[in-house]
Structures are given as structure tokens and as C-alpha cells.
Amino acid sequence: MHYDKEMTHSTLRAFSVHLLTATGAVFAMFALLAAVNEKWSLMFLWLLVAFAVDGIDGPLARKYDVRTHAPHIDGALLDLIIDYLTYVFIPAYALFQAGILPGLWDWTALIGITFASGLYFAGSWMKTADKSFLGFPGCWNMLVLVLFATTPPPAVIMGVVAVLAVAMFLPLKFIHPTRTVRWRKVSLPVAMLWTGFALWAALARFDPGPLPQVGLVATSLYLLGAGIAQQVVDALQK
């Protein structure tokens with residue numbers, strides 16, 4: 001009897017993690033509705049909420065062993081679907097619709113981001129042995145927020161988009177701030193700082209001043225480059 005009760009509690013805890021993950025789809029819809037109405041600050045606030053959910057549901061899923069106690073829902077697939085919406089689809093639409101790219105460049109960015117990301121998200125090579133990503137992991141939500149906050153010239157925007165789209169298919173490592181153990185004592189605080197600067201920029205309607213702009217760029221460069229730096233260090237030590 002005690003065993004059955006414990007099994008029920010384990011199942012409920014595991015299923016509640018799936019419910020938490022699924023809220024990301026709701027937040028994605030809220031973000032899309034805001035984007036359609038060109039309420040960019042509100043859109044990014046909803047994406048940040050989804051980003052926060054994505055950051056905590058994975059550790060909870062592992063803690064409560066959802067694959068054992070709630071196997072009838074594929075949590076990894078659910079997470080991947082929501083990630084494509086919040087990391088790729090909605091940010092790509094925002095970059096297109098905001099009018100910060102002239103002429104046909106907005107179409108080029110829209111098609112390039114969604115096409116390359118669709119292939120990457122279906123790739124079997126995405127994860128490495130140390131829980132990092134192989135290739136740029138399609139975090140376009142983070143990039144587009146930084147672009148909105150810093151408003152670089154269109155040539156710079158297209159250059160960054162092109163480089164990262166190609167980097168999705170290169171043997172370059174990109175850390176996961178919570179799962180990549182190496183340098184995690186630095187990576188996790190940097191990711192939290194990035195989130196704080198992003199929230200600041202969104203609440204300031206993307207006119208936040210130099211401090212959050214510099215903070216966003218600096219933390220983004222760390223998160224983009226830490227995994228590659230680890231590869232370089234390993235190569236030099238051989």
C-alpha cells in the first residue's frame with residue numbers, strides 16, 4: 001500500500017513537470033499575439049517567461065525521472081516543439097516584421113533562420129557527451145533581443161545571422177549554461193546576468209541606455225564563445 005502511494009506521488013510529480021513544460025506553448029502564443037500587434041517589449045517579456053520555464057523544467061524532469069514515472073508523454077519532444085516556436089519561429093517573425101532590415105534582407109533572414117533551424121532541430125548530432133551543443137543551438141530569441149536593444153547597422157545584423165546560421169552545422173561546441181558542468185560556476189551566473197539585462201531592455205522598450213546594452217553584448221559573447229574556448233584549450237593541451 002505504501003509502495004502504491006509512493007508510485008502515485010512520483011507519477012503526479014513527473015506529470016506536473018510535463019504540465020510546466022507545456023505552459024511554454026501558451027507563453028509562445030502570448031508572445032506571437034504581441035508580435036502580430038508589434039508590441040515588441042511585451043513579446044520579449046513573454047519569450048523571457050518561456051525562457052525561464054525552459055531553464056527549470058529540464059532539471060525538474062531529471063530530478064523526478066519523468067521518463068520512468070510519466071513515460072506516456074515525450075517530454076523531450078514537447079520541449080523541442082516549444083523551443084522551435086520560442087527560440088526560432090517567433091523571433092524570426094519579429095526580425096522580419098520590425099523593419100530593421102531593408103529591402104529583401106528581411107526575407108533572406110526570415111527564410112535562412114527558419115530553414116536552417118528546422119534542419120538543426122531535427123539533427124541527431126545536436127548534443128555532445130558533456131551536455132553541450134554541437135553547432136549553434138538556434139538561440140535566435142537571444143540574438144534578436146540583443147539586436148533590438150543595440151540596433152546595429154543592417155550589414156552587421158545580416159553578417160551575424162549568416163555566421164550563426166552556418167555555425168549550426170559546424171563542429172563547434174556551444175555550452176548549455178545549466179547542463180555543461182565545465183565552467184558552470186561562471187556560465188550559470190553569466191546566463192542569469194544576461195536574463196537580467198534582457199528584462200531591463202524589454203521593460204525599457206529597447207531604449208535601455210549603454211549599461212544594459214554593453215552587458216547584453218558581453219554576456220552574449222561569453223555564452224557564444226565559452227564552448228569554442230573549451231575546444232581551443234583542449235586542443236592546446238594535447
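Residues numbered from 1 in each chain as written. Predicted model: local features only at pLDDT ≥ 70, side-chain atom pairs only at ≥ 80, totals over all residues. Heavy atoms only, no water.

A.B. asks: For this particular structure, what's the right way to read the overall build of the protein?
C.D. replies: Along the protein, the regular secondary structure elements total nine helices and two strands. If you list the helices and strands of the protein from N to C, you get α-α-α-α-α-β-α-α-β-α-α. Taking 18 Å as the expected radius of gyration for a compact globule of 238 residues, we find that the protein reaches 19 Å, a close match to that expectation. Expressed as lengths along the three principal axes of its C-alpha atoms, the size of the protein is roughly 65 × 55 × 35 Å. Across the 238 residues that make up the protein, the buried fraction comes to 40%. In the protein, once contacts between residues fewer than 6 apart in sequence are set aside, the share between residues at least 24 apart is 77%. Here the protein displays about 12600 Å² of accessible surface, and carbon together with sulfur accounts for 72% of that area. Computed over 15 positive and 13 negative side-chain charges, the inter-centroid distance for the protein is 8 Å. (Helix = DSSP H or I, 4+ residues; strand = E, 2+ residues; numbered from the N terminus. Rg over C-alpha atoms; globule rule 2.2 N^0.38 Å. Buried < 20%, exposed > 50% of the residue type's maximum accessible area, 1.4 Å probe, protein only. Contact = heavy atoms within 4.5 Å. Areas by Shrake-Rupley, 256 points an atom, 1.4 Å probe, with all protein chains shown as cover. Lys, Arg positive; Asp, Glu negative; His and termini not counted. Charge placed at Lys NZ, Arg CZ, Asp CG, Glu CD.)

A.B. asks: How do you make sense of the nonpolar core when you look at a structure like this?
C.D. replies: Nonpolar side chains tend toward joint burial in soluble globular proteins. One finds Met43, Phe44, Leu95, Trp140, Trp194, Phe206 and Leu216 to be the most contacted residues of the largest nonpolar core, which totals 57 residues. Elements supplying a minimum of two residues to this core: α1 (2-36), α2 (40-63), α4 (75-97), α5 (105-121), α6 (140-150), α7 (154-167), α8 (184-203) and α9 (210-237). Looking at this core element by element, the count peaks at nine residues for α6. Residues in contact with Met43, not counting those within four places in the same chain, are Ala31, Ala34, Ala35, Ile90 and Ala94. In this structure, Ala14, Val17, Val66 and Ala70 belong to the second largest nonpolar core, which totals five residues. (Core = buried A, V, L, I, M, F, W, Y, C linked by side-chain atoms within 4.5 Å.)

A.B. asks: Is there a simple way to explain the packing of α2 against α8 in this structure?
C.D. replies: Each packed pair of helices is defined by two parameters, the angle between the axes and the distance between the axes. Axis separation between α2 and α8 bottoms out at 9 Å; the angle between their running directions is 155 degrees. Between α2 and α8, the crossing angle belongs to the class labelled roughly antiparallel. Like other packed secondary-structure pairs, α2 and α8 cross with a definite hand, here left-handed. On α8, the residues touching Ser41, Phe44, Leu45, Leu48 and Phe51 of α2 are Trp194, Thr195, Ala198, Leu199, Ala202 and Leu203. (Axes fitted to C-alpha atoms, helices over the stretch in contact; angles between N-to-C directions. Parallel < 35°, antiparallel > 145°, perpendicular 65-115°, else oblique. Left-handed = near helix turned anticlockwise from the far one by under 90°.)

A.B. asks: Before we go on, may I ask you to explain empty space enclosed by the protein in this structure?
C.D. replies: Which parts of space are left empty comes out when a probe the size of a water molecule is rolled across the atoms. Enumeration according to the criterion identifies two cavities of 30 Å³ or more in this entry. As a volume, the largest cavity reaches approximately 70 Å³. Thr21, Gly24, Ala50, Phe51, Val53, Asp54, Asp57, Asp79, Ile82, Asp83, Thr86 and Tyr87 together form the lining of the largest cavity. For the lining of the largest cavity, the secondary-structure elements that each account for two or more residues are α1, α2 and α4. For the lining of the largest cavity, the class distribution of residues is five nonpolar, three polar and four charged. (1 Å grid on protein atoms, 1.4 Å probe; cavity = no way out; pocket = protein on both sides within 12 Å on 5 of 7 lines; lining within 4 Å. Points joined across faces, edges and corners; volume = space filled by probe spheres on them. Nonpolar A, V, L, I, M, F, W, Y, C, P; charged D, E, K, R; others polar.)

Keep in mind these numbers describe shape, not what the thing actually does.
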